[in-house]
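Listed below, chain by chain, are the residues.
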Amino acid sequence: MNLRHLLPACALLLSGCATIVGTETQSVRIDSVPQGARFTVQDETGHAVAQGFTPQNVELAKSTGRYFGKKHYQVMLERPGYVPVTMPIEGSANLWYLLGNIPLLGFPGWLLVDPFYGGMYDLKPANPKPFLNPVGARG
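Residues numbered from 1 in each chain as written. Predicted model: local features only at pLDDT ≥ 70, side-chain atom pairs only at ≥ 80, totals over all residues. Heavy atoms only, no water.

Colleague: Where do I start with the overall build of the protein in this structure?
Modeller: A tally of regular secondary structure across the protein gives 4 helices and 7 strands. In sequence order, the protein lays out its α and β elements as α-α-β-β-β-β-β-β-α-α-β. When the 139 residues of the protein are sorted by exposure, 37% land in the buried category. On the protein, roughly 8200 Å² of surface is accessible, and the fraction owed to carbon and sulfur atoms is 62%. (Helix = DSSP H or I, 4+ residues; strand = E, 2+ residues; numbered from the N terminus. Buried < 20%, exposed > 50% of the residue type's maximum accessible area, 1.4 Å probe, protein only. Areas by Shrake-Rupley, 256 points an atom, 1.4 Å probe, with all protein chains shown as cover.)

Colleague: How should I be thinking about the nonpolar core in this particular structure?
Modeller: The tendency in soluble globular proteins is for nonpolar side chains to be buried as a group. Core analysis: the largest hydrophobic core is formed by 16 residues, its most contacted members being Ile30, Val41, Leu60 and Ile89. Looking at this core, the elements with two or more residues in it are strand S1 (25-30), strand S2 (38-43), strand S4 (56-61), strand S5 (72-78) and strand S6 (85-93). When neighbours within four sequence positions are excluded, Val41 is seen to be in contact with Ile30, His47, Ala48, Val49, Ala50, Leu60, Tyr73, Gln74 and Val75. (Core = buried A, V, L, I, M, F, W, Y, C linked by side-chain atoms within 4.5 Å. Contact = heavy atoms within 4.5 Å.)

Colleague: Please explain the environment of Val135 as it appears in this structure.
Modeller: Looking at the secondary structure, you find Val135 in the segment after strand S7 (121-124). For the pair formed by Val135 and Pro84, sequence separation is 51 residues and the distance between their alpha carbons is 9.3 Å. Not counting the four nearest positions on each side in its chain, Val135 is found in contact with Gly81, Tyr82 and Val83.

Colleague: Could you clarify how one ought to interpret the pattern of salt bridges in this entry?
Modeller: It is possible for side chains bearing opposite charge to pair when their charged atoms get close. Per the stated rule, a full pass over the model turns up 2 salt bridges. The partner of Asp43 in a salt bridge is Lys71, and the shortest N-O contact between them spans 3.6 Å. Here Asp43 is found in strand S2, whereas its partner Lys71 is found in the loop between S4 and S5, with 28 residues between them in sequence. Neither residue differs from the other here; Asp43 and Lys71 are each classed as buried. Here Glu44 and Lys71 are joined by a salt bridge, their closest N and O atoms 3.2 Å apart. With a gap of 27 residues between them, Glu44 in the loop between S2 and strand S3 (48-53) and Lys71 in the loop between S4 and S5 connect regions that are remote in the sequence. (Salt bridge = Lys/Arg side-chain N within 4 Å of Asp/Glu carboxyl O.)

Colleague: Looking at this structure, I do not really get unusual backbone geometry. What am I missing?
Modeller: A negative phi angle characterises most non-glycine residues, just as the trans form characterises most peptide bonds. In this structure, Pro34 follows Val33 across a cis peptide bond, with omega equal to 0 degrees. Of note, Pro34 is situated in the loop between S1 and S2. Of the consecutive residues Thr54 and Pro55, the connecting peptide bond is found in the cis state with omega at -5 degrees. As for its placement among the helices and strands, Pro55 is situated in the loop between S3 and S4.

Colleague: Can you walk me through the confidence of the model for the protein in this structure?
Modeller: The predicted structure's coordinates, where accompanied by low pLDDT, should not be read in detail. Summing up the model confidence of the protein, the mean pLDDT is 79 and the portion of residues at 70 or higher is 64%. In the model, residues 9-18 has pLDDT below 50 throughout and makes 27 contacts with residues more than four positions away in sequence or in other chains. (pLDDT = per-residue confidence, 0-100.)

Colleague: Help me understand the sheet that holds S5 in this model?
Modeller: Paired through backbone hydrogen bonds, the strands of a sheet run either parallel or antiparallel to each other. The strand order S3-S2-S5-S6-S7 describes an open sheet built from 5 strands, whose pairing is antiparallel. Each of the sheet's edge strands pairs with one partner strand only, and the pair in question is S3 and S7. Averaged over neighbouring strand pairs, the angle between their axes works out to 20 degrees when direction is ignored. Pairing geometry for S6 and S7, over 4 bridges, is antiparallel. Among the inter-strand pairings, Glu90 is bridged to a residue of S7, identified as Lys124. (Pairing = 2+ DSSP bridges. Axes fitted to C-alpha atoms, helices over the stretch in contact; angles between N-to-C directions.)

This is the structure we're talking about:
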């Protein structure tokens, strides 16, 4: 078999659709009502990966780099005179991973390539905007 025919076949079998189309990070807009709340984003290990004041875009990794290692984040918002809010941001498999590997014969992308790469995940919610309740307000 000619090497010219072997290289495209190897590239096809060793690629994953989410790896080709997706990215390792995702921009997430952290916002709140009212704006101006201080926020901290912590990953699953408890390390702060982003801080600032709302509204602001932060770039978050979608994978831990381990096999099927999707990221989990906690966003903590606080503002003087308001009750602090904590909300999760979770990674979930996207349609490029679930359906996009079918034309590429599936299994190499589903089981070997995409599970190590963050392109197979989407972080949700991508635009969290919680309401902060004033201290002493009845809900």
